[in-house]
Amino acid sequence: MKRREFLTSPVVGILLPGAITHPDLGAADQGTGVNRPEEKPEAQRVEQKMHPDFMTYMEGIEYFYLGNGDIQGAVQYSPKDSRGTFLGFTLMDPENFCRKWSTFLYHPERGFASTKLGLTIGGESAAADNKSGMYYGVKGYSVSPENLISIRWKYVERVPVVSVVWRAGECEIEEEYFTPNEGALLFRRIHVKNLHNNELQVSLGLSLYANFGLFTTISTDDEKKVAIASGLAKMKLLSLEKNATVAGRYDVRVDLGKLPPNVRKQA
């Protein structure tokens, strides 16, 4: 073979062994005695896709940004486009304003869905239908288009707070997101009010589903009652309540105990 012919000949098989897709190279296997296993049709149809939460703009979407220079978070509210998580939350480095898919709590397959609060009444999970707001991460009710009452900014002693109010069975929930004046901390305070005539046993749960592209290790510490994610950055999910527990790899839970009628508790 002449030098000019060698330089212009296909080299896909050398550069990408095991991933040859050149049509002429496929035909060259005929008569060589090499038998290649056929791929199953169903295997060819499998395609992993990123959750649509990576898109910045969807019809009607709103973002509530909060932070203090040491930490930055955002609450996403997508009331019109069902492709996006109806109400989700994420964190990011305040020094690097990034795309949504590279924020700390974006999950490739679940988007921001795993950042929802789960509330369980009694010893049972809520009914497993869409209108109940059932959350298939931590157990119990979660916010949904059917049970949301309001989402807004409010000020508590001059501190900006994102307030989300929703209904979970016979309870009214208010979630408050805010940051202190300084420090890489973000608080998520939960108020639960019993609207029923009888007392209710109530528990709460949150999951730390960190971005797998940024965090290589996610686990819970049963002794410290905390969920930890580490990798290119590090973050923790914990509760200030003494009766907090952890479950599995991601979950932190708080038992509010028995809630009397018309009584409001927070965690």
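Quick caveat: nothing in here was measured; it's all calculated off a predicted structure.

Once that is clear, we can look at a negative patch on the surface. Taken together, Asp70, Asp93, Glu95 and Glu182 make up a surface patch of like negative charges. Positionally, Glu182 belongs in the loop between β7 (171-178) and β8 (187-194). For Glu182, a relative accessible area of 58% gives the class exposed.

Before going further, it helps to spend a moment on the packing of aromatic side chains. Per the counting criterion, the structure on display carries eight aromatic pairs. Geometrically, the ring pair formed by Phe89 and Tyr177 is tilted, given 5.2 Å between the ring centres and 40° between the ring planes. Taken together, the positions of Phe89 in strand β3 (residues 87-92) and Tyr177 in strand β7 put the pair 88 residues apart, joining distant regions of the chain. Classification of Phe89 by relative accessible area gives buried; the value is 7%. Of the residues examined, Tyr177 reaches a relative accessible area of 1% and is grouped as buried. Arranged with centres 5.8 Å apart and planes meeting at 80°, the rings of Tyr106 and Phe112 form a pair that is edge-to-face. Taking the relative accessible area as the measure of exposure, Tyr106 reaches 2% and is therefore buried. Its relative accessible area of 2% is what places Phe112 among the buried residues.

Here is what the cut-offs are and how they apply
- Residues numbered from 1 in each chain as written.
- Predicted model: local features only at pLDDT ≥ 70, side-chain atom pairs only at ≥ 80, totals over all residues.
- Heavy atoms only, no water.
- Patch = residues over 30% accessible without salt bridge, like charges linked within 9 Å, V, L, I, M, F, W, Y side chains within 5 Å.
- Areas by Shrake-Rupley, 256 points an atom, 1.4 Å probe, with all protein chains shown as cover.
- Salt bridge = Lys/Arg side-chain N within 4 Å of Asp/Glu carboxyl O.
- Lys, Arg positive; Asp, Glu negative; His and termini not counted.
- Charge placed at Lys NZ, Arg CZ, Asp CG, Glu CD.
- Helix = DSSP H or I, 4+ residues; strand = E, 2+ residues; numbered from the N terminus.
- Buried < 20%, exposed > 50% of the residue type's maximum accessible area, 1.4 Å probe, protein only.
- Phe/Tyr/Trp six-rings, centres within 6.5 Å; stacked < 30°, edge-to-face > 60°.

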